[in-house]
Amino acid sequence: MRHPHDVEVPVRVDRADPAPLPAQLVQQLRDLVVSGALRPGDPLPSTRGLAARLGISRGSVVTAYDQLHGEGYLHATNGATVVHPDLARSRVERPGTRPDPRPPAARPRRARERPMIDLTPGRPDTGRLATPGWRAAWRDAAAAAGSGAPPAQGSEALREQIAEHLRLMRGVVRDPQDLFVTAGARDGLQLLLAALGGLAGRPLRVAVEDPGYPSLRRVPERLGHRVLPVPIDDQGLDPARLPSGAWSGAGRWEVERAPDAVVVTPSHQYPLGASMPAARRLELLGWARAHDALIVEDDYDSELRYVGEPLPALSSLDHGPGTVPGPPSPGRRLGAGGHVATLGSFTKVLAPGLGVGYLLAPPALREELLRLRTDLGNPASAVAQDAMARFLADGGLRRHTARMRREYRRRRDLLTAALAGVRGVRAVPMDGGLHAVLEFTGEVAFEEQDVVARAAAAGVRVAALGSYWAEGARGARRGVVVGFGATGAAPEGDALPDALAVLARVLSAPGPGTGAAR
């Protein structure tokens, strides 16, 4: 591989262009990758070298590279930046096509194709993350990388900062010893299920919200546990709909055993956005205490609430015996108190590739979790843990979250306004987050997959709401899920208005089988 200082790419900047310099670079580099001029694995110039050649600040190049990293176009390896190797698997040549042997000047000119605008949910905007504080945290962490691996439970400094973050932002007061640093929510859930399954000595029964987050539903299935989808309503998961076993008193269950664990998103149900009220939270805690079950709270984007303040985490109510009524169950594993484990991740607030999250564990599982982590090792990078500890300590996360709350609220309002006049569609009210649900009201007979396909053909990618239900289930609600986090950049700036205009046209134009509902 050539040295990154020797690499050249055909990009330029135009200071007369109103678009910011980083946006100009992002668009040109993205076009080079999409067109094949830059191929998977090709090296890019160093940020310092490209900035010197173009006569601009290095920070502009760093910002552009960071955005393309977040979008999946670039990948850092061995001190160099390359076009992401995974893009090789996504290139599909049309059957029967052959390279055009004519020189470029002799080929017919085609209209310039714009990259697909990806509005699938779950991806944050990383373009505003490359602040001096963020870069300094990573620079200092990289300089201290030789200080040794962190403990199995995770960096002590990071656990202290996360504990302070939970106290200030989520109303949870817990000792850093109850925290485990993870590589994200799925890693934390795997660890919890391994610990709980080890204590149970059998496969677990795990209740999940339906609809719900598909990847968290697949984790227990992959680990050999039984998944029990539980329908939700406009207040989230209803404890009254959870299966409840009956104990005979003779050392056996009279009917099918109740779930061992319940995975919920109480602060911002995914994807429909409901917030579980206090009375239902207490009812769920009472159910967990009565059945000695573990509530796994996925606190995935609670800080991004832009209507009012973030809701307290469910674990803030889990104070021990006496807080929630409920009779004891036989053969207890979790003890008299501590029936909530909280999964947290920084990917929705900061960057999807960060790979750092946390697990707030109930006291009864802490020793088993520590034994497992010691045996299996901690998958979160030591440098990433150190950088996050520094960024939290400097107040960088709080400042960035406040900025992004305002920005995501602006985008949500833009989406609501752009689609307000579309017949047969309503935007489901949500108080925060990175996505919106456009529900089909039934006034027009939309078909989800048809809308998704026609939007993709027009250059905008969205997700079908029906894909969030458990396999074989078909909820009554239909629509599409639209993310407005990582919306990319058009040549003139923000791509979201263009994408929403395309989506509005798709929903306003009749498709196959579309018409007035009977």
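Coordinates for the structure precede this section.
The text that follows walks through the structure, step by step, so that each part is easy to find. (Residues numbered from 1 in each chain as written. Predicted model: local features only at pLDDT ≥ 70, side-chain atom pairs only at ≥ 80, totals over all residues. Heavy atoms only, no water.)

So, about the packing of helix H13 (residues 448–457) against helix H14 (residues 496–508). Between H13 and H14, whose axes approach to 10 Å, the crossing angle comes to 135 degrees. Judged by the angle between their axes, H13 and H14 are oblique. Crossing of H13 over H14 shows right-handed handedness. Judged by residue contacts, Val-451, Arg-454 and Ala-455 of H13 engage Leu-503, Val-506 and Leu-507 from H14. Residues of the contact of H13 with H14, tallied by class, amount to 5 nonpolar, no polar and 1 charged. (Axes fitted to C-alpha atoms, helices over the stretch in contact; angles between N-to-C directions. Helix = DSSP H or I, 4+ residues; strand = E, 2+ residues; numbered from the N terminus. Parallel < 35°, antiparallel > 145°, perpendicular 65-115°, else oblique. Left-handed = near helix turned anticlockwise from the far one by under 90°. Contact = heavy atoms within 4.5 Å. Nonpolar A, V, L, I, M, F, W, Y, C, P; charged D, E, K, R; others polar.)

A separate point is the pairing of strand S9 (residues 294–298). Across the 5 residues of S9, 5 count as buried, placing the element largely inside the fold. For the handedness criterion, the β-α-β arrangement of strand S8 (residues 261–264), helix H9 (residues 278–291) and S9 is classed as right-handed. The pairing of S9 with strand S10 (residues 340–345) spans 4 bridges and is classified as parallel. What sits directly across from Asp-298, in S10, is Leu-343. (Buried < 20%, exposed > 50% of the residue type's maximum accessible area, 1.4 Å probe, protein only. Right-handed = clockwise from strand over helix to strand, strands pointing away. Pairing = 2+ DSSP bridges.)

Count 3.6 residues to each turn of an α-helix, and residues three or four apart come out pointing the same way. The end-to-end C-alpha separation of H9 is 20 Å, in line with the 20 Å expected for 14 residues at 1.5 Å each. The buried fraction of H9 amounts to 10 of the 14 residues, a majority that puts the element mostly inside the structure. Buried within H9 are the following residues: Arg-280, Arg-281, Leu-284, Leu-285, Gly-286, Trp-287, Ala-288, Arg-289, Ala-290 and His-291. Elements in contact with the buried residues of H9: strand S6 (226–233), strand S7 (236–237), S8, S9 and S10. The first or second residue beyond H9 is Asp-292, which carries a positive phi of 50 degrees. (Expected span 1.5 Å × (residues − 1).)

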